[in-house]
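A structural walkthrough
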Amino acid sequence: MAKKKTNKINILVDGKPITIVEDNFLLPDLLKNNIAIPTLCHHKDLTPNGSCRLCIVEIEERGRKRLVTSCNFPVRSEIKVETNSEVVKKYRQNLAEMYLGRWPNVEIIQKVARECGATDKDKYKSYLTEDSAHACILCGHCTRACNEFIQEDIIDFAGRGIKRHIAMPFENVDPHCVGCTSCAYVCPTGAIQVSDNRNHPVNAKLIQEHGMKVNAEMATLDPYQCRMREVGTANIVEVMNNYDLLPVKNFKYGTHEDTWRIDSNMMKKSYFTQGHPDQCWHGCSMACAKAVEDFELRTGPYKGHKVIVDGPEYETAAGSSNMGCFDMDFCVEYNFYCDTYGIDTISFATCMAFVMECFENGIIDKKDTDGLELNFGATTDTLEILHQMARGKGFGVEVGQGIKYLKNKWAEKHPEKADFVRDIGMEVKGLEFSEYVSKESLAQQAGYSLALKGPQHDEAWLIFMDMVNNQIPSFEDKAEALYYFPLFRTWFGLYGLCKIVWNDVVPADNAQKHPPQIAAKIPEHVENYWKFVEGMTGRKVDEKIMLDESAKVHNLQKIMGLMLGKNSFEDDIPPYRAVGPVTEEEYESRQERYDGQLKELGFDIDDKTTPEKMAILRKYRYEQYDKVQKAAYKRRGWNEKGIPKIERLKELGIDLPELVEIIEPLQ
Amino acid sequence: MLTINNRDKIEWQPGMTVSDVLNKMGYNYSLITVTVNGVLILEEDYDTYEVEDNAQISVFHLAHGG
Ligand code: SF4
Ligand code: SF4
Ligand code: FES
């Protein structure tokens, strides 16, 4: 991650001391200190280009004075600054008069002229003078917005000297323009205007205003926050490894010394060749999708071909570590073939991790796998399983049935190891877990297991709130989070909107403005979603409307599951691997943590063996889970068995006879 | 002794800055907010802000990713 400089430098501005962070440009700090500086080409969210020269100030460095444009002057030493000396005033006034002569009717020019004491409209009147109030003043906001907000270079300066103007390539309308309207938004004169709104939103301006906020955040904050443009979601591989949350060997561990082989630095250094916006959402400024080009495949029907691979994202890399395959070539190849065959990388990786652990524990052997050696880290044989799955031949077909199927089959085959097989099969409701270790976060265990669609990756938000921040300590706090976040998620999903712009970039003052419980929701970004809906449809949304809309669908999903004989209380309980250590080696690898927790809870464990301690921990953790499960049900308006109450359906206005009929006997 | 997020304890050392605390905790997350005894510390001050002994420190990680 780019790290901001933190060295402070003391400077004197018009005789007053100001502290400024080294390398910061001067102008923003002057403005912050309420010093008026006229500007034309400066824009708070864009890189300065120093072209209008109005922001000029006089600086004194080591006894020598000179004029500099403050917007692009980086402070590196203890300078003295004069913002309003005679030289400066004279310079600005003359400049402003030239601008006024050329663009006499443009409002922003008139304003700047007033500020600089320039009154003579005619002094610089010439054949270049443009009378339009909406003339282009060549500030360059638009070209920078196109480049910095959405990483395009559609619009640019053309011509030289007096012929300099703004244009698209070859003076034509460029078909690559995504119509994002960023250029029009930042244009201070109205020289660029939006002339059509093809989707006919009720209030295009409202949508534009909120969208532009995200654009500006992406341009200015993303390099220091999540680096979505640089590496996409892969940025968290190394983070999860550091917090003991990266699944390693079927979720046994949360960290591994070889993670550097598959982290975002490795991807960036040796793999990613494409990071350009791929327009998965037209005009999206996040551009989180990355691609690897010219990748030569080692196996399968396209062996020897050079291909383009879309990814890998976080979950795909974490799937590799989960299979014990710390090998980036493997990661890219399984990513490619999963995409090509239409197989989900997460389900595949989690399922294979289970198969590998079963293989290493003698639940299955080479007779079952047609001779394949499926130990953790078996890259080549794992790819063979993937190809078999697609060909419909061999052991891969079995694996393709998923963990739930395999778990039942193998538990029956080995009754003496049935409990172990069930404990390590990481699925709930037939869906394989996504790639986060949830053992140390009760809320996350519930987030995954109570999700109606199964433990899918977009339920993985509570882990930091709970485990690291300790911000939802009580069962009620957890239940509240388990109410709000899944419903928010369901809600914007229903509108077909993407999640990334909610929390993969965050307003700089989010935590200053809100207490932690509220800050976690990122209120300004939630509002962006509401305003988008309002701008499109004309209908206002607030938190209650949003949650109720979503709760309707959520309850319908629940009842439909019940109709299909699913979604029972037991279907909401995670396998123990998601809750705590299943094996002795797993317990002992984090012994300090687990022993410490048991002692803190008041258990006397001094002369207990590892299996004894594991049993105590297991009992305790499942009891905790039971409490959180029930608290979450209660908050949702469901009974202790997780069945929606009839009053709740009434409240939501969905107490249709055919639904009531299903849940009535279960009340 | 310093208390982090109302739960974790680490040994205090004279001259310890916010950056030292974050390093000690292994917190390398990109969306972090720190308060020391309720006072918000800006990122640009992490390297220079010294924490006192017995301080209550909150290190708030904002969820992202997935
Ligand atoms: S609408 Fe967007 S893509 Fe098109 S020129 Fe303007 S900023 Fe560039
Ligand atoms: S079109 Fe507007 S934004 Fe672009 S240079 Fe001209 S005045 Fe500035
Ligand atoms: S604002 Fe600095 S040169 Fe234009």
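Definitions and cut-offs
- Residues numbered from 1 in each chain as written.
- Chains lettered and ligands numbered in written order.
- Predicted model: local features only at pLDDT ≥ 70, side-chain atom pairs only at ≥ 80, totals over all residues.
- Heavy atoms only, no water.
- Near = heavy atom within 4 Å.
- Nonpolar A, V, L, I, M, F, W, Y, C, P; charged D, E, K, R; others polar.
- Contact = heavy atoms within 4.5 Å.
- Buried area = accessible area lost by both parts, 1.4 Å probe.
- Salt bridge = Lys/Arg side-chain N within 4 Å of Asp/Glu carboxyl O.
- Axes fitted to C-alpha atoms, helices over the stretch in contact; angles between N-to-C directions.
- Helix = DSSP H or I, 4+ residues; strand = E, 2+ residues; numbered from the N terminus.
- Parallel < 35°, antiparallel > 145°, perpendicular 65-115°, else oblique.
- Left-handed = near helix turned anticlockwise from the far one by under 90°.
- Patch = residues over 30% accessible without salt bridge, like charges linked within 9 Å, V, L, I, M, F, W, Y side chains within 5 Å.
- Areas by Shrake-Rupley, 256 points an atom, 1.4 Å probe, with all protein chains shown as cover.
- Lys, Arg positive; Asp, Glu negative; His and termini not counted.
- Charge placed at Lys NZ, Arg CZ, Asp CG, Glu CD.
- Buried < 20%, exposed > 50% of the residue type's maximum accessible area, 1.4 Å probe, protein only.
- Phe/Tyr/Trp six-rings, centres within 6.5 Å; stacked < 30°, edge-to-face > 60°.
- Lys NZ or Arg CZ within 6 Å of the ring centre and 35° of its normal.
- Pairing = 2+ DSSP bridges.
- Arc of directions from axis to C-beta.

Taken together, 13 residues are adjacent to ligand 2, and C136, C139, G140, C142 and C187 of chain A come closest. Each residue belonging to the shell around ligand 2 can be placed in one class, and the counts come to 10 nonpolar, three polar and no charged.

Our next topic: the interface of chain A and chain B. In this complex, chain A contributes 36 residues to the contact, which on the side of chain B involves 26 residues. In total, chain A and chain B occlude about 2600 Å² of area from one another, counting both sides; carbon and sulfur atoms represent 54% of this. Sorting the residues of chain A by area buried against chain B places T6, Y243 and N469 of chain A first, and these three jointly supply 18% of that buried surface. One can count one salt bridge joining chain A with chain B. When the shortest N-O distance is used, the salt bridge between D45 of chain B and K8 of chain A registers 2.3 Å.

All names here are of chain A. It is the contact of helix α17 (residues 442-450) with helix α27 (residues 610-636), at a shortest axis distance of 10 Å, that shows an interaxial angle of 60 degrees. By the angle between their directions, the pair α17 and α27 is classed as oblique. In the crossing of α17 with α27, the sense of the turn from one axis to the other is right-handed. On the side of α17, the interface is formed by L442, Q445, A446, S449 and L450, while α27 contributes Q624, Y625, V628, Q629, A632, Y633 and R636. Of the residues belonging to the contact of α17 with α27, the class tally is seven nonpolar, four polar and one charged.

This next bit is on a negative patch on the surface. Residues and elements named next belong to chain A. On the surface, a cluster of negative charge is made up of D278, D310, E313 and D339. Tracing the sequence through the fold places D278 in the loop between β8 (272-274) and β9 (291-296). According to the relative accessible area criterion, D278 is partly exposed, its value standing at 42%.

Per the stated rule, a full pass over the model turns up 29 aromatic pairs over all chains. An angle of 75 degrees between the planes, with centres 6.2 Å apart, marks the rings of Y243 of chain A and Y29 of chain B as edge-to-face. Of this pair, Y243 of chain A sits in the loop between α8 (237-242) and α9 (264-270) while Y29 of chain B is found in the loop between α1 (18-25) and β3 (32-36), placing the two residues in two different chains. For the pair Y243 of chain A and Y29 of chain B, one class covers both residues: buried. Among the aromatic residues, ring-to-ring pairing joins Y484, F485, F488, F492, W502 and Y529 of chain A into one connected group. The ring of Y484 of chain A has K521 of chain A lying over it, and the distance from NZ or CZ to the ring centre is 4.1 Å.

Quick look at the sheet that holds strand β3 (residues 56-61) of chain A now. All names here are of chain A. Reading across from one edge, β2-β1-β5-β3-β4 is the order of the five strands in this open sheet, with mixed pairing throughout. In this open sheet, the two strands that pair with only one neighbour each are β2 (16-21) and β4 (64-69). When strand polarity is set aside, the average angle formed by the axes of neighbouring strands in this sheet is 35 degrees. Pairing of strand β1 (residues 8-13) with strand β5 (residues 80-82) involves two bridges; the strand directions are parallel.

Time to look at the site of ligand 1. Taken together, C146, I150, I154, I155, C177, V178, G179, C180, T181, S182 and C183 of chain A form the complete shell of residues around ligand 1. Taken together, the residues that form the shell around ligand 1 break down as eight nonpolar, three polar and no charged.

Right, let's talk about α1 of chain B for a bit. Residues and elements named next belong to chain B. By the burial criterion, the buried members of α1 are V18, S19, V21, L22 and M25. All buried residues of α1 lie within an arc of 160 degrees about the axis, which places them on one face of the element. Tucked into the core, α1 has its buried residues touching β1 (2-4), β2 (8-10), β3, β4 (39-41) and β5 (56-61). Just downstream of α1, G26 is the residue with a positive phi angle, here 75 degrees.

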